[in-house]
Amino acid sequence: MVTGSRCCPLIRWLALAAVLGSVLGLRDDLDRPVFPPPGTPIHLHESDPGLKKVLAFAEERYNRGSNAMHLRKVSRIISATKQLVKGFRYTITVELSNTQCKKSYMLRTCDFYPESEKLKTEVCLFEVWDIPWQGTSTLLKQKCQPKAELKKEETTNVEKLSNSQPVEDPVELLSQFKEFMVKYNKVYSSQEEADRRLLIFHENVKTAENLQFLDQGSAEYGVTKFSDLTVDEFRSTYLNPLLKQWTLYRPMKPAPPAQGPAPASWDWRDHGAVSPVKNQGMCGSCWAFSVTGNIEGQWFLKNGTLLSLSEQELVDCDGVDQACRGGLPSNAYEAIEKLGGLETETDYTYTGHKQRCDFTSRKVAAYINGSVELSKDEKEIAAWLAENGPISVALNAFAMQFYRKGVSHPLKIFCNPWMIDHAVLMVGYGERNGIPYWAIKNSWGEDYGEQGYYYLYRGSNACGINQMCSSAVVN
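Residues numbered from 1 in each chain as written. Predicted model: local features only at pLDDT ≥ 70, side-chain atom pairs only at ≥ 80, totals over all residues. Heavy atoms only, no water.

**Q** Could you clarify how one ought to interpret the environment of Phe359 in this entry?
**A** Mapped onto the elements, Phe359 comes out in the loop between helix 10 (329-339) and strand 9 (370-373). Between the C-alpha atoms of Phe359 and Cys317, which are 42 residues apart in sequence, the distance is 7.4 Å. Apart from the residues within four sequence positions on either side, Phe359 is in contact with Glu313, Cys317, Leu339, Gly341, Glu343, Tyr348 and Val364. (Helix = DSSP H or I, 4+ residues; strand = E, 2+ residues; numbered from the N terminus. Contact = heavy atoms within 4.5 Å.)

**Q** How should the nonpolar core be read in this particular structure?
**A** Buried together is how nonpolar side chains tend to be arranged in soluble globular proteins. In terms of nonpolar packing, the biggest core is built from 61 residues, with Ile391 and Tyr454 touching the most fellow members. Elements with a minimum of two residues in this core: strand 4 (122-131), helix 6 (191-214), helix 7 (231-238), helix 11 (378-388), strand 10 (391-395), strand 13 (422-432), strand 14 (435-441) and strand 15 (453-457). Sequence-distant contacts of Ile391, that is, excluding residues within four places in its chain, are made with Asn294, Leu374, Ile381, Trp384, Leu385, Val424, Leu425, Met426, Cys469 and Ser470. Counting 24 residues, the second-largest nonpolar core is a separate cluster that includes Met252, Trp299, Leu309 and Ile336. (Core = buried A, V, L, I, M, F, W, Y, C linked by side-chain atoms within 4.5 Å. Buried < 20%, exposed > 50% of the residue type's maximum accessible area, 1.4 Å probe, protein only.)

**Q** Would you explain the packing of aromatic side chains in this entry?
**A** Any aromatic ring pair is given by two values, namely how distant the centres are and how the planes are angled relative to each other. If you walk through the whole model with that rule in mind, you get 23 aromatic pairs. Summarising the aromatic geometry, the rings of Tyr238 and Trp444 are spaced 6.5 Å apart at their centres and angled 70° between planes, so their arrangement reads as edge-to-face. Linking Tyr238 in helix 7 with Trp444 in the loop between strand 14 and strand 15, this pair joins segments that are 206 residues apart in sequence. Trp444 matches Tyr238 in its accessibility class, with the two residues each being buried. Taking 5.1 Å as the distance between ring centres and 80° as the angle between the ring planes, the aromatic pair formed by Trp299 and Tyr367 counts as edge-to-face. On the criterion of sequence distance, the pair formed by Trp299 in helix 8 (residues 286-303) and Tyr367 in the loop between helix 10 and strand 9 is long-range, its members being 68 residues apart. (Phe/Tyr/Trp six-rings, centres within 6.5 Å; stacked < 30°, edge-to-face > 60°.)

**Q** Can you walk me through the packing of helix 8 against helix 10 in this structure?
**A** The angle between the axes and the distance between the axes are what describe a pair of packed helices. Between helix 8 and helix 10, the least distance of the axes is 9 Å, while the angle of their chain directions is 60°. One element, helix 8, and the other, helix 10, form an angle in the oblique class. The handedness of the crossing between helix 8 and helix 10 is right-handed. Note on element contacts: helix 10 touches helix 8 through Pro329, Ala332, Tyr333 and Ile336, opposite Trp287, Val291, Asn294 and Ile295. Across the contact of helix 8 with helix 10, the residue classes tally to seven nonpolar, one polar and no charged. (Axes fitted to C-alpha atoms, helices over the stretch in contact; angles between N-to-C directions. Parallel < 35°, antiparallel > 145°, perpendicular 65-115°, else oblique. Left-handed = near helix turned anticlockwise from the far one by under 90°. Nonpolar A, V, L, I, M, F, W, Y, C, P; charged D, E, K, R; others polar.)

**Q** Looking at this structure, how should I read empty space enclosed by the protein?
**A** The gaps of empty space that remain are located by a probe, the size of a water molecule, rolled over the atoms. Taken as a whole, this structure holds five cavities of 30 Å³ or more when the rule is applied. If you add up the space inside the largest cavity, you get close to 110 Å³. Forming the walls of the largest cavity are 14 residues, and the residues nearest its centre are Phe289, Ser290, Lys441, Asn442 and Ser443. Taken together, the elements giving at least two residues each to the lining of the largest cavity come down to helix 8 and strand 13. With six residues, helix 8 is the single largest residue contributor to the lining of the largest cavity. (1 Å grid on protein atoms, 1.4 Å probe; cavity = no way out; pocket = protein on both sides within 12 Å on 5 of 7 lines; lining within 4 Å. Points joined across faces, edges and corners; volume = space filled by probe spheres on them.)

See the structure below:
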């Protein structure tokens, strides 16, 4: 006999599924709810067959995306849970270590190095969605951090988080998804696609909650216009994988140091050197927006005129970088010098995809005479910015997918400073309620973050913000 307490949640789910199907404009199918109630997470033993399969999949995906010479394997399982969510969602925290096998050999058995210093162990958090009856597995999230760099309290927090997975109220989840679709005008092609996006949305809500729980600043994370994208989709569409390939970086001359110390705060928006927030669209052209924003500021400081310069010119005419598939600011400066300058946004309008180069030298509105690389010391960066203008910078953008407002200060395991994948424009710095920050102009439109801006903690090299600071030179 089914009691009322058991049947009511199911009835609520079926009713809500019907309502959501109506909102989506898709078929009403109560025999196949849009999203079944998520089950309670089950802690798994290392011998669990499903866990072994998922670990092998996660290892393979990690090694495929790594630039390391040697294959890496799981050397220790810290925690593992499985949750029934239209398949199985695995949340696994492990240690990965170097084996003696080089990637090119792909041997079946690979022993770990006996010397501890060669293991180079990382702590990794993987989330995998596995549907055994379809034979499909999807890596929803991968975040790794060198074990040696993790503080004891950070390791404790990560293990505690891995062992505690709250179950959301299905009513609230569906309500959030409906609001998300209306606010951001989301339309999906089929019921199956809506089901998939709701599952991803659910995972992203969890990720935002995890970021919120562990954030060391004052940031608010939650639903954004990117909340129906997997981490891989978000990265491949909006970010810039070339930034972490340091071998492609063109060395630049070092910038002369600032003549004086940094003032307590500074913001170039207050001094007319920053154009309105732009939108790169579904194109990994952040590198072009970062560089043009810098040149707009440099041109203003030398000539007194703030121009909106063309990113599309770089997307089309920079023969070294890869347009919507990424690029490097160092290459972009060189391309601008070779072209002879930049046209305005009005003369060379942004389209968000690569076209035939249509640059016209007679329409050049601004030019540069070179480029320089700044110090990696944040105090020196602040002093240089206040004295010389906005700076082209790059950072690890993982937390940015879920950022809403406040000063973001993610743990390093979420924001590895060496995994830089997004170029932006640093326009100022200051403090909010005692928390030091960098003011960062992003290129995802004014409906992102705080009117298009992201605020990141200043003083700990958070997310690698100090690793790739540069500027054009306008004489």
